[in-house]
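Chain and residue survey
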There are 2 protein chains.
Amino acid sequence: MTRRERKAQTRRTLIEAALCLIEGGGFAGLSLREVTRQAGVAPATFYRHFSDMEDLGLALIDEVGLMLRQLMRKARKRISETGSVTRTSVNVFMEFVQSNGNLFRLLLGERIGNTPSFRSALQAELNRFTEELTEDLERQAVRLKTSLGDPSIAAEAIVAVVFSAGVEALDTPGHRCQQLMERLILEIRMILTGAAVMAKKNQAKIE
Amino acid sequence: MTRRERKAQTRRTLIEAALCLIEGGGFAGLSLREVTRQAGVAPATFYRHFSDMEDLGLALIDEVGLMLRQLMRKARKRISETGSVTRTSVNVFMEFVQSNGNLFRLLLGERIGNTPSFRSALQAELNRFTEELTEDLERQAVRLKTSLGDPSIAAEAIVAVVFSAGVEALDTPGHRCQQLMERLILEIRMILTGAAVMAKKNQAKIE
DNA sequence: TATTTTAGTGAACAAGTGTTTACTAAATAA
DNA sequence: TTATTTAGTAAACACTTGTTCACTAAAATA
């Protein structure tokens, strides 16, 4: 096995270890030595891969970004198969929260955490997500020949509502998740119909 | 000065110290010694007031609850003076976020954090907030002789949207906060009109 | 082949951590 | 007044932490 591959491999081990440890205590209460211990590697080895814990954190945030993009892609694919937009999106989202819980915790925990570089990186990641949703909403509006006014506002509201439900889902036992999803779907529909109605009123005012 | 008063006073000092330190690094990365140092008190003194850091944390969470209740009361009072519900509420909320930033950080940071007892306590606090908002919405609907269907769903959505904006406001410079608030107001109106329209449709179906 | 690079190691460091101990001085109770 | 309770202290404890250092063994290069 080549040296680059080996290095990449232990790097991955470290990332996985950190991700695993986040589950039981956030990123803030997470020590370099814990990570190396969990990874089965000497403390000094850490410095061959990251200069800092903050550096590791930024690598984790890259993973979050990747996750969100995969999430979007998967949702779009399934929507084009099934048709029902909201319900399918919510389904995909909840599946992701269940299986990538730790990344999710990172995303929402460090958004308020101490480290400024984390906060801005994560906020940027979230903004990108909102933008993509905005574009989707725009396309949908064109397709259905309606208007949502400024779709970015609806998108922002939807993202807030969805992620809030995501947090709640993190420690909701599986069987009560269905309930949670039904509420979430209603909330999203509220926002969308509200946006449509308000857009129509504004249109009427202008004409 | 009586002994009880003295004790209560240093207890307060410890709480204030913790609150002050949270600003620069969340609750998780916060050591007992740091708190006592900031409070100007010997480390051992801590144990005369709290058994644990977790114990201190729970005391802080009580403060959060107090803050939220004050928030509600103040909003109601101002609403009865001015009339405009949404705009006034958002104003009051944002003022609170600006002046009680650290409590806010605690509320939203530890909702996902490591400590299970924190999570549940904070979720309970948030739920109480949502409930009160639900009742307010109900009263408003009666007064305006309209219906929002199940107002608890709209309330949940509004809370999500408002707190999400609160997080963003935490490190938004004052002059851009106005923009943020305008968006927030639009989002809330969306949810409310959406809820009203959907309730009307459902009503029509039943009749 | 011999030489250089380098991912990973183990030992050591100074500094910070939570917690317990016996102690003081002042407020309370007798 | 004398005796007791107690909020706060200083010192010590056994650990954990981040970081550096010289070192090894194996892969890459010459």
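What counts, and where the lines are drawn
Residues numbered from 1 in each chain as written. Chains lettered and ligands numbered in written order. Predicted model: local features only at pLDDT ≥ 70, side-chain atom pairs only at ≥ 80, totals over all residues. Heavy atoms only, no water. Helix = DSSP H or I, 4+ residues; strand = E, 2+ residues; numbered from the N terminus. Buried < 20%, exposed > 50% of the residue type's maximum accessible area, 1.4 Å probe, protein only. Contact = heavy atoms within 4.5 Å. Buried area = accessible area lost by both parts, 1.4 Å probe. Salt bridge = Lys/Arg side-chain N within 4 Å of Asp/Glu carboxyl O. Near = heavy atom within 4 Å. Polar contact = N/O pair within 3.5 Å; in protein donor to acceptor, adjacent residues only side chain to side chain. Domains from an automatic or database assignment. Nonpolar A, V, L, I, M, F, W, Y, C, P; charged D, E, K, R; others polar. Axes fitted to C-alpha atoms, helices over the stretch in contact; angles between N-to-C directions. Parallel < 35°, antiparallel > 145°, perpendicular 65-115°, else oblique. Left-handed = near helix turned anticlockwise from the far one by under 90°.

1. A closer look at the overall build of chain A
Within chain A, the regular secondary structure consists of eight helices and zero strands. Going residue by residue from the N terminus, the α and β elements of chain A occur as α-α-α-α-α-α-α-α. For chain A, the spread of C-alpha atoms along the three principal axes comes to 70 × 35 × 35 Å. Looking at chain A as a whole, 47% of its 207 residues qualify as buried.

2. Focus: the interface of chain A and chain B
Each partner contributes residues to the interface: chain A has 36 residues there, and chain B has 36 residues. Summed over both sides, the interface between chain A and chain B buries roughly 3,200 Å², with carbon and sulfur atoms accounting for 65% of that surface. Summed over the three residues of chain A that lose the most area to chain B, namely Ile112(A), Ile153(A) and Met190(A), the buried surface amounts to 21% of that side. At the junction of chain A with chain B, the criterion picks out four salt bridges.

3. A short note on the protein's contact with DNA strand D
Lining the immediate environment of DNA strand D, one finds 19 residues, of which Arg33(A), Arg37(A), Thr10(B), Arg48(B) and His49(B) sit closest. Protein-proximal atoms of DNA strand D, defined as those within 4 Å of the protein, fall in sugar or phosphate at a share of 55%. Between DNA strand D and Arg3(A), the relevant distance is 3.1 Å, taken from a phosphate oxygen to a main-chain nitrogen or oxygen of the residue. At the level of elements, helix 2 (32-39) of chain A together with helix 1 (3-22) of chain B are the ones that each hand at least two residues to the surface near DNA strand D.

4. With respect to the side chain of Thr172(B)
Residues and elements named next belong to chain B. Along the chain, Thr172 falls in the loop between helix 7 (151-170) and helix 8 (174-206). Given the relative accessible area of 17%, Thr172 is considered buried. A polar side-chain atom of Thr172 sits 2.6 Å from the main-chain carbonyl oxygen of Glu168. Setting aside residues no more than four positions away along its own chain, Thr172 makes contact with Cys177 and Leu180.

5. Focus on the domain arrangement of chain A
Residues and elements named next belong to chain A. According to the domain assignment, chain A consists of domain 1 (1-50) and domain 2 (57-206). The C-alpha centroid of domain 2 is placed 31 Å from the C-alpha centroid of domain 1. Across the contact, eleven residues belong to domain 1 and ten residues belong to domain 2. Taken together, the two surfaces of domain 1 and domain 2 that pack against each other cover about 890 Å², and 67% of this comes from carbon and sulfur. Linking domain 1 with domain 2 are two salt bridges. Here Arg12 and Glu63 are joined by a salt bridge, their closest N and O atoms 2.4 Å apart. Remark: the boundary between domain 1 and domain 2 carries two residue pairs in polar contact (both at pLDDT 80 or more). In terms of residue class, the side of domain 1 that touches domain 2 is built from eight nonpolar, no polar and three charged.

6. Overview of the pattern of salt bridges
Throughout the structure, instances matching the rule amount to 26 salt bridges over all chains. In this structure, the salt-bridge partner of Arg183(B) is Glu156(A), at a minimum N-O distance of 3.0 Å. Placement of the pair is Arg183(B) in helix 8 and Glu156(A) in helix 7 (residues 151-170), with the two residues belonging to separate chains. On the basis of relative accessibility, which here comes to 26%, the residue Arg183(B) falls in the partly exposed class. The residue Glu95(B) makes a salt bridge to Lys74(B) at a minimum N-O spacing of 3.9 Å. Placement of the pair is Glu95(B) in helix 4 (residues 85-99) and Lys74(B) in helix 3 (residues 53-82), with a sequence separation of 21 residues. For Lys74(B), a relative accessible area of 36% puts it in the partly exposed group. A network of salt bridges, in which partner residues are shared, links Arg76(A), Glu132(A), Asp136(A) and Arg139(A).

7. Regarding unusual backbone geometry
Residue Lys145(A) is not a glycine yet carries a positive backbone phi of 55°. Tracing the chain through its elements places Lys145(A) in the loop between helix 6 (116-144) and helix 7.

8. Describing the packing of helix 4 (residues 85-99) of chain A against helix 7 of chain A
Each packed pair of helices is defined by two parameters, the angle between the axes and the distance between the axes. All names here are of chain A. At a closest axis distance of 10 Å, the pairing of helix 4 and helix 7 adopts a crossing angle of 40°. With respect to helix 7, the axis of helix 4 lies oblique. Viewed along their axes, helix 4 and helix 7 form a crossing whose handedness is right-handed. Along its contact with helix 4, which presents Phe93, Met94, Val97 and Gln98, the element helix 7 presents Val162, Phe163, Ala165, Gly166, Ala169 and Leu170. Here the residues of the contact of helix 4 with helix 7 sort into eight nonpolar, two polar and no charged.

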